Amino acid sequence: SVEERVGGGTTGHRLVAVATDGTQVVAQLFDGSDFVAAPRPSPDGRWLAWVSWNHPSMPWDSSEVRLAPLLHEEDGTIGLGEDHCVGGGDGCSVGQPRWCGDGSLVFVDDRSGWWLPYRLPGDRLDDPSAADPLVELAAEFHAPDWVLGQSTIDELHDGSLVLRMHREGLDHLVRLVPPPHRRGGVWSLEGIDQPCVTIAGVVAARDDEGWWAGVLGSTATEAQSVFEVPSAVGRPSVRRSSAPALVVPGSDVAVARPFEADTPAGPVPGQFF
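Structural notes, computed from the coordinates.

Parameters and conventions
Residues numbered from 1 in each chain as written. Predicted model: local features only at pLDDT ≥ 70, side-chain atom pairs only at ≥ 80, totals over all residues. Heavy atoms only, no water. Helix = DSSP H or I, 4+ residues; strand = E, 2+ residues; numbered from the N terminus. Rg over C-alpha atoms; globule rule 2.2 N^0.38 Å. Buried < 20%, exposed > 50% of the residue type's maximum accessible area, 1.4 Å probe, protein only. Contact = heavy atoms within 4.5 Å. Areas by Shrake-Rupley, 256 points an atom, 1.4 Å probe, with all protein chains shown as cover. Lys, Arg positive; Asp, Glu negative; His and termini not counted. Charge placed at Lys NZ, Arg CZ, Asp CG, Glu CD. Pairing = 2+ DSSP bridges. Axes fitted to C-alpha atoms, helices over the stretch in contact; angles between N-to-C directions. Disulfide = S-S within 2.5 Å.

## A look at the overall build of the protein
Now for step 1: Looking only at helices and strands, the protein has zero helices and 22 strands in total.
Now for step 2: Taking 273 residues into account, the globule formula puts the C-alpha radius of gyration at 19 Å, and the protein, at 21 Å, falls close to it.
Now for step 3: With respect to the principal axes defined by its C-alpha atoms, the protein has extents near 65 × 50 × 45 Å.
Now for step 4: Relative to its full complement of 273 residues, the protein shows a buried share of 40%.
Now for step 5: Taking all contacts inside the protein whose residues are at least 6 apart in sequence as the whole, residues at least 24 apart take part in 36%.
Now for step 6: Accessible surface for the protein amounts to roughly 14,800 Å². Of this, 52% is attributable to carbon and sulfur atoms.
Now for step 7: Considering the protein, the positive charge centre built from 19 side chains and the negative charge centre built from 39 side chains are found 4 Å apart.

Next up, the structure:
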């Protein structure tokens, strides 16, 4: 967990392990940065990944994904071994560390100028240079952490990933499929048809008819809703809506038209209302 401590005119944040056996023991794991977020233990219990950054940077200015071995002590407590940075830092920002079924660690990193997904193989977790981008696009797979807890990446049973991708002023839902042997190489990208123009959350699951995605998002004329998006059969359907009344396009609400503005730094996409 992330623990915030307030006292003596200062506020501190650190990673801790909280006992669940009723003893209320809290063990400090990491206290080496001003801020921490997204602690993610690996499924096999061997590693802990998290995001850290320091004042005066915001997490979208400069942040790091750090990784350390989890130590299981004889007295039942948990500690951390020596930690190291696997992404971000020096003016780069990162987010959403996520462990995959094959033991690899996926995270989003903007070292290229765009927030792209990177993958660190499970057998090279001690080697930051082994993290490779899954795609090379002028697109964003993350957003500023105005609030913590973004979740726009999920893994399917076959090792592919379902993600939100922001491109040309709109959010898209895509699937990244790994190359046959997963060692290097760019993953193939498939678009998934769905109605949302902004997406705040993504989950994916499998059922008898294939796989489906759950999307928390808004359409051009509807408030935020939970959509079920099937992979093959049927159309996206609303499972829960935050506003039961629909607005009438052209009457109650202006529907945006995409456009692109030319600037000295290059084209900038936007929406014109």
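That was the structure; now back to the text.
## Side note on the sheet that holds strand 19 (residues 225-230)
Now for step 1: Judged by pairing direction, the sheet is antiparallel, and its four strands sit side by side in the order 17-18-19-20 without closing on themselves. Of all the strands in the sheet, just strand 17 (198-207) and strand 20 (237-241) have a single pairing partner and so form its edges. The sheet shows a mean angle of 20° between the axes of neighbouring strands, taken without regard to direction.
Now for step 2: Pairing between strand 19 and strand 20: four bridges, direction antiparallel. Pairing of Ser225 across the sheet is with Ser241, part of strand 20.

## A few points about the state of the cysteines
Now for step 1: With the rule as written, the count across this model stands at zero disulfides.
Now for step 2: Cys100 carries a free sulfur, and the closest cysteine sulfur to it, the one in Cys85, is 19 Å from it.

## Here we look at unusual backbone geometry
Now for step 1: The omega torsion across His55 and Pro56 is 10°, close enough to zero to call that bond cis.
Now for step 2: Secondary-structure assignment places Pro56 in the loop between strand 5 (47-53) and strand 6 (64-72).
Now for step 3: One non-glycine residue, Asp90, lies in the positive phi region at around 55°.
Now for step 4: At Gln96, a position not held by glycine, the phi torsion is positive, near 50°.
Now for step 5: Of note, Gln96 is situated in strand 9 (residues 94-99).

Spatial relationships are all this shows, so hold off on functional conclusions.
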